[in-house]
Amino acid sequence: MSVYPEAAKRLLTFINASPTPFHAVQNAAIRLEAAGFSKIRETDDWDLQPRGKYYYTRNQTCLIAFTTPSNWRPGTGVSIVATHVDSPNLRVRPVSKKNNLGYLQVGIETYGGGIWHSWFDRDLSLAGRVIVVQRDGTFRCKLVKIDRPLLRIPSLAIHLDRNVNDSFKFNQESEFTPIFGLVETELNDVKVQGASASNGQVKHHPALLLVLSEELSVAPEEIHDFELHLYDTQPSVLGGVSNEFVFSPRLDNQFSSYCAVEAIATYAENPSFREFVGNVNCVALFNHEEIGSVSTTGAESSLIPSLLQRLSPEPALYSQSVSRSFIVSADMGHAVHPNYSSKHEENHRPIINGGMVIKTNAKQRYASDAISTFLFRKLVERRGGKVQEFEVRNDMACGSTVGPMLSKIGLRTVDVGNAMLSMHSIRETGGSHDVQHAIDAFSSFFDGFAGLDGDLLID
């Protein structure tokens, strides 16, 4: 049995601590601050300096981190690794209280395009953010993660559905509601005082509010609102005969997000950082990619245009910066499946642990072209890495990423990822060695893009 890849072990720690985008952003910020990054805010004036390390967040669900080179001035290009931190999941409804036949149930809404049947018979819990009132009358948003199983979506016994193995279908509204407990338990054991519409105790089970209050060490009546996501309590692990696999939730796309943050943090910790000459280096962790990116924290928001404008406020310098910039849109890709190999075009079959995957699509569902592909491939090869190619079959629809929408700004873009199986299942499968492959690729991008780009004549 092989030794666990060290980078993969750190990825497991990150994912296990990040059941929601709120937690992923918080844990990314912790890593960045350990590498010397300073938090700035969009509401403030920025006093940026060469050799700087900065990051900021928006609404706790997206993060931008960037470093300025020793020769930084307005008009400098920006080298961006763009990812997303959201994944398909189930989310608690604003009014979640449900009772049915003696069961306490929690109303949920589906988010994104999940493989929803994989959520049945899993040990589920809750995580998210909660707004609480403090003693001085002000309000604070606290993150919460309940580490024990609380909910379950039980499947129907085969004795009551003899055709379940032939065609498993279910109604997402009426047959997909998790159980939370028994009504008599709430009646006998849970006493919550001060119920009011303002603090949510009319809209949610008192037992649910009690669980949250105990976890946060507040009184139930101090809870005024929350956003809660369901997550699988089974932790991420390494598996396979030689630990070559990562079995985990949320690999799409916390895998890429972790690797991007680790690459820029490691780059900024290197003593040579202070002498670096080249582009501003940046990672962007977006929200809401799984539902189209149209939000204040998604890739179609003002996040990247605003950053470029603040770095280069004058119109001419802004245009120069855009022309010198480049985006690596990093999102997980589809590995060829040993039981469904016909789903891949025969010459475009990426494998797990085979290195970075470059995604192309003539209809621009991916933003890669020959120039951006060439640049990325050369940068990967500088670290001894390999690239694989993915293009969808002509008789299948192609997915998309944040790449095409960011390219509309005028930024050259390549769409890449790492190969995985079971994308959008509650448990996905990736490669343990691909973690370091991605970190190395992004590190080479930060180190060498501006120099390589200067050697390439196009227009």
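Our structure's up above, just so we're on the same page.
Here goes a summary of the coordinates provided. From a predicted model like this one, the values you see are computed outputs, not experimental measurements.

Pairing geometry for strand β7 (residues 124-133) and strand β8 (residues 139-145), over seven bridges, is antiparallel. Bridge pairing links V130 to K142 in β8. Counting the residues that bridge the hairpin from β7 to β8 gives five residues, and of these G137 lies at a positive phi of roughly 90 degrees.

Time to look at the packing of aromatic side chains. Ring pairs (aromatic) are described by centroid distance and by the angle formed between their planes. The full count for this structure, using the stated rule, is 19 aromatic pairs. Ring centres 5.2 Å apart and planes at 50 degrees place the aromatic pair W46 and Y56 in the tilted group. Of this pair, W46 sits in the loop between β1 (38-39) and β2 (53-58) while Y56 sits in strand β2, and the two are ten residues apart along the sequence. Under the relative-accessibility criterion, W46 is labelled buried at 17%. Under the relative-accessibility criterion, Y56 is labelled buried at 1%. Relative to W119, the ring of W116 has its centre 6.3 Å away and its plane inclined at 50 degrees; by these criteria the two rings are tilted. Neither W116 nor W119 differs from the other in exposure class; each is buried. In textbook terms, an aromatic cluster arises when at least three aromatic residues are bridged by ring pairs, as seen for Y267, F273, F276, F326, F445, F446 and F449. Its guanidinium or amino end placed over the ring of Y111, R91 lies 3.6 Å from that ring's centre, counting from NZ or CZ. The ring of W46 carries the charged tip of R310 above its face, separated from the ring centre by 3.9 Å.

Thresholds applied
- Residues numbered from 1 in each chain as written.
- Predicted model: local features only at pLDDT ≥ 70, side-chain atom pairs only at ≥ 80, totals over all residues.
- Heavy atoms only, no water.
- Pairing = 2+ DSSP bridges.
- Helix = DSSP H or I, 4+ residues; strand = E, 2+ residues; numbered from the N terminus.
- Phe/Tyr/Trp six-rings, centres within 6.5 Å; stacked < 30°, edge-to-face > 60°.
- Buried < 20%, exposed > 50% of the residue type's maximum accessible area, 1.4 Å probe, protein only.
- Lys NZ or Arg CZ within 6 Å of the ring centre and 35° of its normal.

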